[in-house]
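Architecture and fold: a report
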Amino acid sequence: MSRGAGDTGAFRSLRVRNYRLYAASNLVSLTGTWMQRIGQDWLVLQLSGDNGVALGLITALQFGPTLLLGLYGGVLADRYPKRRMLVATQTLMGLLALLLGLLVATDGIALWHVFVLAGALGSVSAVDAPVRQAFVAELVGPELLPNAVSLNSTIFNGARLVGPAVAGLLIGAASGDTAPAFFTNAASFAFTIGALLSMRPGELHSSPPVARARGQLREGLAYAWSRPDLRLALGLALVLGTFTFNSQVTIALMAREVFGVGAEAFGLLTTCFAAGSLSGALLSTRRTTRPRQRFLVLAATGFGVASIVCGLMPTYWSFAALLVPTGAAGLVFSVANNSFVQLGVDPQLRGRVMALYFTCFMGGTPIGSPLIGWVAERWGAPWGFVLGGAVAVAAGGIAAAWLARGRRVRLEARVVPPRLQLHVSPRAVPPATARAAAEAASAEAPGTQAS
């Protein structure tokens, strides 16, 4: 029996030494990354006079390069050793964080500096993200991959829980100076680089590298398009990533415009959202198989409903409380969608397909973030949440109708015991197709009669 088979422990992937190194260093590095995000958002609000469009634009610049470079990053992930590529990308991101901190500390910072550095960081991240996603499969192998994906999200949101709170305290203690957050992030990348260099290459589950050839990007796109299940997951990732996963914009605007709070209270709101996200990721660690398509649809719809309700909360504390289930719903969808794609692709194409996934999930941010910022600026910050949630609910409804085509759907409700269950029959087979299949079966098995 291979390692991990039959084991359903929530932290079973941590038994793999290389993954333990990766997970521990990732927790430190991601904590620094979240500190930088909070510091960067706060710095933009300081330099722009609380302008929502500027906040959306900085987010767009950070994630926009995914549209141009993300797919190429997937090609590189399939073509070259992933561990070496990650050492290079992590080093570049650390240097960019250090430069931003120096500009702030020396009072030489201007808004355009933040825009340029955010774009540079986004360009490196566009290559780094698909490589990291594909590298996880090499760390643990296919049996432990669902658990490793969930643990990665747990680590990501654990850092999201700690990083914003620490950043808020640092910025508050420094009287609004964001430089300490940037310096801390720059130092955190050293842990990831050290862990990558300390791994044992012989214990990696490496797939044979794809030789350099023409048309490899087109091959990955054609493969994903030929799979209806991947089209569903990528479509949901595109819509929700563009319009609903914009908490970095919506929470900041709610904190400043609706509740009028400072950096510490803003950090607490982000921490509440992260606490919910962490709980959603922990719930997902028990999964051992590929999620069903119906689950993706229900999770997307649930996230949309939670976002709408959260945006309608009238007070700071009620808003903070509702951020917890909203964050949990978002992460349940995100982890399930990521696992669904990773577990459904050919290892030789995983880098390119995951690059396409992240292009869909993050590439719409340059459109969605400024749009949500503009809506919040024009009609009020709560409408940013409401619009994002409404789009997610609509996407879930369209996806459900697409899945139900040719099927009979029945909703069964019982009073004793109380239960609500959705029954979906197998897709109806046209009579002509059924007849042809029966005749073929009869021809292959002489002496039997097709009914």
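Chains are numbered independently. Their residues run from 1 in the order of the written sequence. With the structure being a predicted model, the display of local features is reserved for residues of pLDDT at least 70 and the display and counting of side-chain atom pairs for 80 or more, all residues being used for whole-chain, interface and lining totals. Excluded from the side-chain calculations are hydrogens and water; all other atoms, namely the structure's heavy atoms, are used.

Digging into empty space enclosed by the protein
Applicable threshold: Think of a 1 Å grid over just the protein atoms. A cavity is a set of points where a 1.4 Å probe fits yet cannot get out, a pocket is an open set with protein on both sides within 12 Å along at least five of seven lines, and lining residues have an atom within 4 Å of a point. Grid points are joined across faces, edges and corners, and a volume is the space filled by probe spheres set on the points. In this text, helices come from DSSP runs of H or I with a minimum length of four residues, and strands from runs of E with a minimum of two, each type numbered from the N-terminal end.
Scanning the model with the defined rule gives two cavities of 30 Å³ or more in all. Looking at the second largest cavity, its volume works out to about 30 Å³. Every residue lining the second largest cavity is listed: Leu71, Leu217, Gly220, Leu221, Arg352 and Leu356. Elements with a minimum of two residues in the lining of the second largest cavity: helix H8 (216-225) and helix H14 (350-363). For the lining of the second largest cavity, the element with the most residues is H8, which contributes three residues.

Remarks on the packing of helix H9 (residues 228-243) against helix H13 (residues 316-342)
Selection rule: Orientation is described by lines fitted to C-alpha atoms, with helices fitted over the stretch in contact, and by angles between N-to-C directions that extend from 0 to 180 degrees. Handedness of a helix crossing follows the sense of rotation of the near helix relative to the far helix, less than a right angle counterclockwise being left-handed and clockwise being right-handed. Contacts: residue pairs with any heavy atoms within 4.5 Å of one another. Three residue categories are used. Nonpolar comprises Ala, Val, Leu, Ile, Met, Phe, Trp, Tyr, Cys and Pro, charged comprises Asp, Glu, Lys and Arg, and polar comprises the others, including Gly.
Across the interface, H9 lies against H13 with an axial gap of 10 Å and an inter-helix angle of 145°. In terms of crossing hand, the pair formed by H9 and H13 is left-handed. Between H9, through Asp229, Leu230, Ala233, Leu236, Ala237 and Leu240, and H13, the contact on the second element is made entirely by Phe333, Asn337, Phe340 and Val341. Of the residues in the contact of H9 with H13, the class split is eight nonpolar, one polar and one charged.

Points about the UniProt feature "transmembrane region" (unreviewed entry) in the protein chain
To be explicit about the condition: UniProt positions are given in the numbering used here, feature names are shortened, and annotations may be inferred rather than shown by experiment.
Here the UniProt feature "transmembrane region" (unreviewed entry) sits at residues 21-39, 51-73, 232-253, 265-283, 295-316, 322-341, 353-376 and 382-404. Along residues 51-73 the backbone is 91% helical and 0% strand, and the end-to-end C-alpha distance reaches 33 Å. From the first C-alpha to the last, residues 295-316 spans 32 Å; its make-up is 82% helix and 0% strand.

Here we look at the environment of leucine 68
Quick note on the threshold: Per-residue accessibility, obtained with a 1.4 Å probe over protein chains only, is compared with the maximum for each type, and a residue is labelled buried under 20%, exposed over 50%, and partly exposed between these values.
If you trace the backbone, leucine 68 turns up in helix H3 (residues 65-79). Since its relative accessible area comes to 73%, leucine 68 is described here as exposed. Distance from leucine 68 to alanine 126, taken between C-alpha atoms, is 8.4 Å for residues 58 residues apart in sequence.

Details of the nonpolar core
Condition: By nonpolar core is meant a set of buried Ala, Val, Leu, Ile, Met, Phe, Trp, Tyr and Cys residues that side-chain atoms within 4.5 Å join together.
Core analysis: the biggest nonpolar cluster contains 45 residues, and Leu269, Phe319 and Leu323 have the highest contact counts within it. If we skip the residues at most four places from it in the chain, phenylalanine 319 touches Met254, Phe259, Leu269, Cys310, Met313 and Phe385. The next biggest cluster of nonpolar side chains, apart from the first, holds 38 residues, and it includes Phe63, Ala224, Leu296 and Met354.

Observations concerning the packing of aromatic side chains
Short version of the rule: Note on aromatic pairs: the rings of Phe, Tyr and Trp (six-membered ring only in Trp) are paired at centre separations within 6.5 Å, and the planes decide the class, stacked below 30 degrees, edge-to-face beyond 60, tilted for the rest. Ring-over charges, as used throughout, are those where CZ of Arg or NZ of Lys falls within 6 Å of the ring centre and within 35 degrees of the ring normal.
Evaluation of the coordinates by the stated rule reveals eleven aromatic pairs. Pairing tyrosine 357 with phenylalanine 361 gives two aromatic rings, centres 5.9 Å apart and planes at 5°, and the pair type is stacked. Residue tyrosine 357 and its partner phenylalanine 361 are both found in helix H14; the two are separated by four residues, about one turn of the helix. Each member of the pair tyrosine 357 and phenylalanine 361 is classed as buried. Put simply, the rings of Phe245, Phe303, Phe333, Tyr357 and Phe361 touch in pairs and so form one group of aromatic residues. Taking NZ or CZ as reference, arginine 37 lies 4.7 Å from the ring centre of tryptophan 34, over its face. Sitting over the ring of tryptophan 225, arginine 231 keeps its end group 4.9 Å from the ring centre.

Here we look at the side chain of glutamine 90
Relative to the helices and strands, glutamine 90 is located in helix H4 (residues 82-105). Look at glutamine 90 and you get buried, because its relative accessible area is 6%. Leaving out residues up to four positions away in the same chain, glutamine 90 has contacts with Ser29, Asp128, Phe189, Thr192 and Ile193.

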